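Structure assessment
Chain by chain, the residues run as shown.
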Amino acid sequence: MTVATQKARQAAATRSELVAVGRRLFAERGFAGTSTEEIVVQAGVTRGALYYHFRNKEDLFRAVLAEIEEAVAEAMTAASMAEPELFDGLVQGCGAFLDACLDPAVQRIALREAPAVLGWEAWRAIGAEHRFGLMATGLQWTMIAGEISDQPAAPLAHMLLGALHEGALYIAAADDPAVARAEVGGIVRRLLDGLRPPAGP
């Protein structure tokens, strides 16, 4: 292993540890309640190492959010690909997103705090980066298969993602998130069923 390769691996490990510690602390204490000093102490690194990888605490929060969004997108993809029928894959992919919103860390970081910490536009852009293409592509293929009615995929993807985000916020604010998840899941299923072609004569 070359010195450069070893340094690159060490740097990647340091960054990964900072993100992991940041995720844990942001989930437990929130953005405002987490100090950079706590982060570097628990990560076992210097303050210089933190600022080598991230401009500030907000930049670390952004990286934590991106990691969460990537994991959610991967779960959606896996759930969708496990279904033999494209429409069922669309339903299960949406369901995987709602399931992810039962995670307290996802609720606090991605749904409650991110819009305030990063601003609504930046929060929306990060979510869209991980989900819009996935949703739009899934809809296009489902249309090609004739399992939902042909229509413009981009605005439909935006509308469905908007419904899912509102459902996620409802779940996060509910006294009983599991019950809220079931309620929202039923509504999303009915919305998707409404996209299916009319039954033949």
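That block above? That's the structure.
Let me begin by describing the structure that accompanies this report. Remember, it's a predicted structure, so these values are computed and weren't measured experimentally.

**Remarks on the state of the cysteines**
- A full pass over the atoms with the stated rule returns 0 disulfides.
- We note that Cys94 lacks a disulfide partner, and the nearest cysteine sulfur, in Cys101, lies 11 Å from it.
- On the basis of relative accessible area, Cys94 is assigned to the buried category, the value being 3%.

**Some remarks on empty space enclosed by the protein**
- Overall, the coordinates contain 1 cavity of 30 Å³ or more when judged by the stated rule.
- Its boundaries defined by the atoms lining it, the largest cavity holds a volume of some 40 Å³.
- If you go around the largest cavity, the residues you meet are Cys94, Leu160, Ala163, Leu164, Val188, Leu191 and Leu192.
- Only helix H8 (153-173) and helix H9 (177-193) provide two or more residues apiece to the lining of the largest cavity.
- Of the residues in the lining of the largest cavity, the class split is 7 nonpolar, no polar and no charged.

**Observations regarding H8**
- A rise of 1.5 Å per residue sets the reference length of H8, with its 21 residues, at 30 Å; its end C-alpha atoms lie 30 Å apart and thus fit the reference within 8%.
- Listing the buried residues of H8 in full gives Ala153, Leu156, Ala157, Leu160, Leu161, Leu164, Gly167, Ala168, Ile171 and Ala172. The arc that holds every buried residue of H8, seen down its axis, measures 140 degrees, which confines them to one face. What points out from H8, more than 90 degrees from its buried face, is the exposed set Met159, Glu166 and Ala173.
- Tucked into the core, H8 has its buried residues touching helix H5 (86-100), helix H6 (104-118), helix H7 (120-144) and H9.

**Thoughts on the packing of H5 against H7**
- Contact pair H5 / H7: the axes reach a minimum separation of 9 Å and the direction vectors enclose 160 degrees. The angle between the axes of H5 and H7 places the two elements in the roughly antiparallel class. By crossing handedness, the relation of H5 to H7 is classed as left-handed. Every residue of H7 that contacts H5 at Leu86, Phe87, Leu90, Cys94 and Phe97 is listed here: Arg131, Met135, Leu139, Trp141 and Thr142.

Cut-offs used in this document
Residues numbered from 1 in each chain as written. Predicted model: local features only at pLDDT ≥ 70, side-chain atom pairs only at ≥ 80, totals over all residues. Heavy atoms only, no water. Disulfide = S-S within 2.5 Å. Buried < 20%, exposed > 50% of the residue type's maximum accessible area, 1.4 Å probe, protein only. 1 Å grid on protein atoms, 1.4 Å probe; cavity = no way out; pocket = protein on both sides within 12 Å on 5 of 7 lines; lining within 4 Å. Points joined across faces, edges and corners; volume = space filled by probe spheres on them. Helix = DSSP H or I, 4+ residues; strand = E, 2+ residues; numbered from the N terminus. Nonpolar A, V, L, I, M, F, W, Y, C, P; charged D, E, K, R; others polar. Expected span 1.5 Å × (residues − 1). Arc of directions from axis to C-beta. Contact = heavy atoms within 4.5 Å. Axes fitted to C-alpha atoms, helices over the stretch in contact; angles between N-to-C directions. Parallel < 35°, antiparallel > 145°, perpendicular 65-115°, else oblique. Left-handed = near helix turned anticlockwise from the far one by under 90°.

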